[in-house]
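# Understanding the architecture of this molecule
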Amino acid sequence: MTERIPDFLKAAKATQAAAKAVEAASKVLAKEASGPAAIAEAADAAVTALKKVVPTDTLASAVREELASKAAVARAALERERALLAGAVAAELAKMGMKAEGHLPMLRAGVLTLEFNFGPKGRCVAWFGPRHERLADCPLEAVAIAAKAAELDKALLGGEFNEAAFLADLHAAYRTCAVRQGVAEGDRVPLTALLAEVAFRRQRPAFLADPKRETFMPYGRVEFACALSRLKTRRHGDRELRLDVATMAQTRRPEDHVWVPRGRSGDGTQYATASFVKAAV
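Residues numbered from 1 in each chain as written. Predicted model: local features only at pLDDT ≥ 70, side-chain atom pairs only at ≥ 80, totals over all residues. Heavy atoms only, no water.

Between the first and last C-alpha of helix α4 (residues 142–157) there are 22 Å, a value that for 16 residues agrees with the 22 Å anticipated at 1.5 Å per step. Where α4 is concerned, the buried positions are Ala142, Ile145, Ala146, Ala149, Leu152, Asp153, Leu156 and Leu157. Buried positions in α4, seen along its axis, are confined to an arc of 130° and lie on one side of it. Opposite the buried face of α4, by more than 90 degrees, sit the exposed residues Val143, Lys154 and Ala155. One or two steps after α4, the chain reaches glycine 159, where phi turns positive at roughly 75°. (Helix = DSSP H or I, 4+ residues; strand = E, 2+ residues; numbered from the N terminus. Expected span 1.5 Å × (residues − 1). Buried < 20%, exposed > 50% of the residue type's maximum accessible area, 1.4 Å probe, protein only. Arc of directions from axis to C-beta.)

Considering all chains together, one arrives at 20 salt bridges under this definition. Between arginine 82 and glutamate 79 there is a salt bridge, and its shortest N-O distance comes to 3.5 Å. On the criterion of helical spacing, the pair formed by arginine 82 and glutamate 79 is a turn pair, its members being 3 residues apart in helix α3 (residues 57–95). Given the relative accessible area of 47%, glutamate 79 is considered partly exposed. The shortest N-O distance in the salt bridge between aspartate 153 and arginine 264 comes to 3.1 Å. Of this pair, aspartate 153 sits in helix α4 while arginine 264 sits in the loop between β9 (258–261) and β10 (268–278); the two residues are 111 residues apart in sequence, bridging distant segments of the chain. Its relative accessible area of 10% is what places aspartate 153 among the buried residues. Among the charged side chains, a network of salt bridges with common partners joins Lys99, Glu101, Arg108 and Asp267. (Salt bridge = Lys/Arg side-chain N within 4 Å of Asp/Glu carboxyl O.)

Within the secondary structure layout, glutamate 197 lies in helix α6 (residues 191–201). You can call glutamate 197 buried: its relative accessible area is 6%. Contacts of glutamate 197, omitting those with residues within four sequence positions, involve Ala173, Thr176 and Arg180. (Contact = heavy atoms within 4.5 Å.)

Take the packing of aromatic side chains next. By convention here, two paired aromatic rings are described through the distance between centres and the angle between planes. Evaluation of the coordinates by the stated rule reveals 5 aromatic pairs. Considering the side-chain rings of phenylalanine 116 and phenylalanine 118, the 6.1 Å spacing of their centres and the 15° angle between planes classify their relative orientation as stacked. Here phenylalanine 116 falls in the buried class, since its relative accessible area comes to 3%. Classification of phenylalanine 118 by relative accessible area gives partly exposed; the value is 26%. Aromatic side chains phenylalanine 207 and phenylalanine 216 sit 5.5 Å apart centroid to centroid with 65° between the ring planes, which places their arrangement in the edge-to-face category. Overall, phenylalanine 216 belongs to the partly exposed group, its relative accessible area being 36%. Sitting over the ring of tryptophan 127, arginine 131 keeps its end group 5.0 Å from the ring centre. (Phe/Tyr/Trp six-rings, centres within 6.5 Å; stacked < 30°, edge-to-face > 60°. Lys NZ or Arg CZ within 6 Å of the ring centre and 35° of its normal.)

Laid out in C-alpha cells, this is it:
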C-alpha cells in the first residue's frame, strides 16, 4: 500500500496548482478593466489545471489507514524498548545492591527518583526524593543510569558519618540561629535558617577572610537533609533535637521546609522548624 502515498502527494500538488490557477482567474474576472483576451487566457489556464485534479477521497482514506497502522506498530515497538530499558536498569541496580520500584516514566531507587524522558533527545533525570531536588541527568542507557544512581546514593548516604560531631555542630548553629531570630533557646527556628547557619559554620578560613564565590564551600539542603536522616539519636548533652512537621502551606515554598528521607526507603517527611529542648531525664 506504500505506493498510495506518492499518488496522494501527486494529487495534492495538482489540487494546489489548480487552486492557484482558479484564484488567478477569479482576480481577473473581478477586475472591470479586464478584457476578453485576459479573461479567456486566465479561464483556460484554470480549466487546464482543473483537468489534472483527481478525486482524493479514496487516496486520502488509504493513506490514513496506512499511516495509522505504521504509527501503531511504531508505538508498540517503543513500548517494548521502554520496558526492556526499565528491566535492564533494575538488573544493573540490583548488581549494585539497589532496588528499583515503580513504573515508567518514574522509577524509585532508594532516596532517588529516576524520571525517564523519552524522545529524540531522551534523558534520565535523577531527583532527590519524590522530585524535590534535581541532582543529575544521563543518557537513556541502563549501565550509565545505574552507575549514576549508585554514585549519588554513595555520595549522599554512604561513607563515614560522625553523628556526635554533626549533632554538636547542629546545636551550636541552632544557638546562633536562635539569637539571630530573637528567640530563647528551646524555641523553634526555621529549619532552612538552621541549614544556612550550618553551611556558614562549614566554611574554610579562606572564605571567612575573603567571602567570595571562589572561596565558598557549597553545603545545600540535600546534604543537610541526608545528614539529618542518618541520625540514630537526636540527643546532645542535656538537649534533644526536635523537628516539626511542615503544614500544607509551608510545603509550597522551598524556603519554608526541608524534605528529610527515612533511610534509603524512599519515604520521608517535610519539616519546617527545629529546636533543641531539654531532654527528659
